[in-house]
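# Working through the structure, step by step
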Amino acid sequence: MVDAFCAKWKLVHSEKFEDYMKALGVDAITRKVGIATKPTVVISKDGDKVVVETLSTFRNTKLSAKLGEEFDETTPDDRKVKSTFTVENGKFVQVQKWDGKETTFVREIKDGKMVMTLTFDGVEAVRTYEKA
């Protein structure tokens with residue numbers, strides 16, 4: 001399941017994240033803050049739920065849901081979305097849907113690091129985390 005991802009992760013590298021945020025329609029000021037922020041992500045389990053906490057100087061978020069069960073989420077850029085967590089081929093996947101649009105976060109473990117690929121409308125960003 002998600003056991004391999006359960007840890008505290010610190011962002012160490014980010015590629016094309018501004019392009020990704022721009023594609024989502026995030027305003028310039030929020031994009032600047034997003035690029036400057038180096039969040040810590042804590043992934044854990046609480047019973048049959050997966051918990052994903054994102055901690056930063058900008059904003060803290062906490063998501064908790066059962067795998068495969070859709071839940072309401074307000075994103076850091078204030079989009080109201082329907083999200084779902086799944087595990088596919090050893091990857092921890094989150095899909096956000098809103099207004100007929102969809103973005104996907106695919107987290108995988110590579111060489112002891114968590115690599116998260118964010119995809120929206122043909123734009124792909126990669127954020128790499130190391131255990132904190």
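Check the entry above for the structure.
These numbers come from a predicted model, not from an experiment.

A few words on the sheet that holds strand 5 (residues 71–74). Reading across the sheet, the 10 strands line up as 4-3-2-1-10-9-8-7-6-5 and stay open at both edges, with antiparallel pairing between neighbours. Each edge of the open sheet carries a strand with a single partner, namely strand 4 (61–66) and strand 5. Taking each pair of neighbouring strands and ignoring which way they run, the sheet shows an average axis angle of 25°. Sheet analysis places strand 1 (residues 7–15) next to strand 2 (residues 40–46), joined by 4 bridges and oriented antiparallel. Each bridged residue has a counterpart across the sheet, and for K10 the counterpart in strand 2 is T40.

A few words on the nonpolar core. Residues Y20, I43, F85 and F92 are the most contacted members of the largest nonpolar core, which totals 28 residues. Apart from residues no more than four positions distant in its own chain, F92 is found in contact with V2, F5, I43, V50, V52, L67, F85, T86, V87, F105, V106 and R107.

This part takes up the pairing of strand 7 (residues 91–98). With 6 of 8 residues buried, strand 7 lies mostly within the body of the structure. Both strand 6 (residues 80–88) and strand 7 contribute to a ladder of 7 bridges, which runs antiparallel. Along strand 7, the bridge assignment pairs E88 with K91. The hairpin formed by strand 6 and strand 7 contains 2 residues between the paired strands, and N89 there has a positive phi angle of roughly 50°. In this structure, strand 7 lies alongside strand 8 (residues 101–110), joined through 7 bridges in antiparallel fashion. For V95, the partnering residue across the bridge sits in strand 8 and is T104.

For the coordinates displayed, the defined rule picks out 10 salt bridges. Of the charged contacts, one joins R59 and D78 as a salt bridge, the two residues approaching to 3.6 Å between their closest N and O atoms. Taken together, the residues R59 in the loop between strand 3 (49–55) and strand 4 and D78 in the loop between strand 5 and strand 6 connect sequence positions 19 residues apart. Here E102 makes a salt bridge to K97, at a shortest N to O gap of 3.9 Å. Under the relative-accessibility criterion, E102 is labelled partly exposed at 41%.

Parameters at a glance
- Residues numbered from 1 in each chain as written.
- Predicted model: local features only at pLDDT ≥ 70, side-chain atom pairs only at ≥ 80, totals over all residues.
- Heavy atoms only, no water.
- Pairing = 2+ DSSP bridges.
- Helix = DSSP H or I, 4+ residues; strand = E, 2+ residues; numbered from the N terminus.
- Axes fitted to C-alpha atoms, helices over the stretch in contact; angles between N-to-C directions.
- Core = buried A, V, L, I, M, F, W, Y, C linked by side-chain atoms within 4.5 Å.
- Buried < 20%, exposed > 50% of the residue type's maximum accessible area, 1.4 Å probe, protein only.
- Contact = heavy atoms within 4.5 Å.
- Salt bridge = Lys/Arg side-chain N within 4 Å of Asp/Glu carboxyl O.

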